[in-house]
Amino acid sequence: MNHERVEKRKSEILSASMDAFAENGYHATKISDIAERLGIGHGTFYRYFKNKLDIFSSVLDLIIGELVKVVEEEEPDATNTLEEYRNQILRIGRRMYTAFIEDTRMAQIIFYEALGVSPDLNEKMNNLMALNEAGIELYLKNGIAKGFLKPGLDTAVLAKAINTLMFGGGKDILAAKDPGQMSERWIRSIALLMLDGMGTS
């Protein structure tokens, strides 16, 4: 079996697994549920993944990779005016929430399924949160350096607080009748807290 075919089949299994985990939850999903969606046997599944935890871990890696891409599209120190800074905050928030709206499976798995499955997956989630917080802190430090935010702010604690708000907003958006409208409310509220609550003007 050539590399291209292997990667194609793995991708198909990952997609079907995301569907199953998002719909039924990790604990209720069986390997047979995933195999049935693809019309393959158990033996075929085990050629690519060791067990259910292995596929779930791979699904989580895929989701984390997509979220990291959103963060990496911006440079923390790229803004030089207050308007640029505000627009950057709004842009990052919109990209993050759009990712969840366009693929609700990601939000369902990140917010409701990922924690508590295994110590290794808990560590992955903790690393994701730490990565987000470190990124947010860089934006806060840029805001202080450029004079948009008040000097002397505890950027480490505030980064954790903003990250918690962003993920809380994601849960709200997932449950909303109008996810787009709810997303915009959360993004604008977070920007308001950052620039009016911590801002210098």
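Above this text you will find the structure in question.
Small disclaimer: the values here were computed from a predicted structure and weren't measured.

A.B. asks: So what exactly am I meant to see when it comes to the pattern of salt bridges here?
C.D. replies: Side-chain pairing between opposite charges can occur once the charged atoms of the two side chains come close. In the structure shown here, the tally under the stated rule is 14 salt bridges. Note that R94 is salt-bridged to E184, the shortest N-O span being 2.6 Å. Of this pair, R94 sits in helix 5 (residues 82–102) while E184 is found in helix 9 (residues 179–197), placing the two residues 90 residues apart along the sequence. Judged by its relative accessible area of 30%, R94 falls in the partly exposed class. With its nearest N and O atoms 3.8 Å apart, the salt bridge here joins K141 to E137. Taken together, the residues K141 and E137, both in helix 7 (residues 119–145) and four residues apart, mark about one turn of the helix. Exposure remark for E137: the relative accessible area of 19% places this residue in the buried category. Among the ionic contacts, a cluster of salt bridges with common partners joins E73, E74, R91 and R95.

A.B. asks: Just to check I follow, could you spell out the side chain of K52 for this structure?
C.D. replies: Inspection of the secondary structure assignment puts K52 in helix 4 (residues 52–72). Among buried charged residues, K52 stands out as having no salt bridge; its nearest opposite-charge side chain is D33, 7.7 Å away. Sequence-distant contacts of K52, defined by excluding residues within four places in its chain, comprise F21, Y26, H27, T29 and I31.

A.B. asks: Explanation requested: the packing of aromatic side chains in the structure shown.
C.D. replies: Describing an aromatic ring pair means giving the distance of the ring centres and the angle of the ring planes. All chains considered together, the criterion is met by eight aromatic pairs. Judged by centre distance (4.8 Å) and plane angle (55°), the ring pair of Y26 and F56 falls under tilted. Here the residue Y26 occupies a position in the loop between helix 1 (3–24) and helix 2 (31–38), and F56 occupies one in helix 4, the gap between them amounting to 30 residues. Using a relative accessible area of 0% as the deciding quantity, one classes F56 as buried. Members of the aromatic cluster, connected to one another through ring pairs, are F21, Y26 and F56. Across the ring face of Y26, the terminal group of K52 is positioned such that the distance to the ring centre comes to 4.4 Å.

What counts as what
- Residues numbered from 1 in each chain as written.
- Predicted model: local features only at pLDDT ≥ 70, side-chain atom pairs only at ≥ 80, totals over all residues.
- Heavy atoms only, no water.
- Salt bridge = Lys/Arg side-chain N within 4 Å of Asp/Glu carboxyl O.
- Helix = DSSP H or I, 4+ residues; strand = E, 2+ residues; numbered from the N terminus.
- Buried < 20%, exposed > 50% of the residue type's maximum accessible area, 1.4 Å probe, protein only.
- Lys, Arg positive; Asp, Glu negative; His and termini not counted.
- Contact = heavy atoms within 4.5 Å.
- Phe/Tyr/Trp six-rings, centres within 6.5 Å; stacked < 30°, edge-to-face > 60°.
- Lys NZ or Arg CZ within 6 Å of the ring centre and 35° of its normal.

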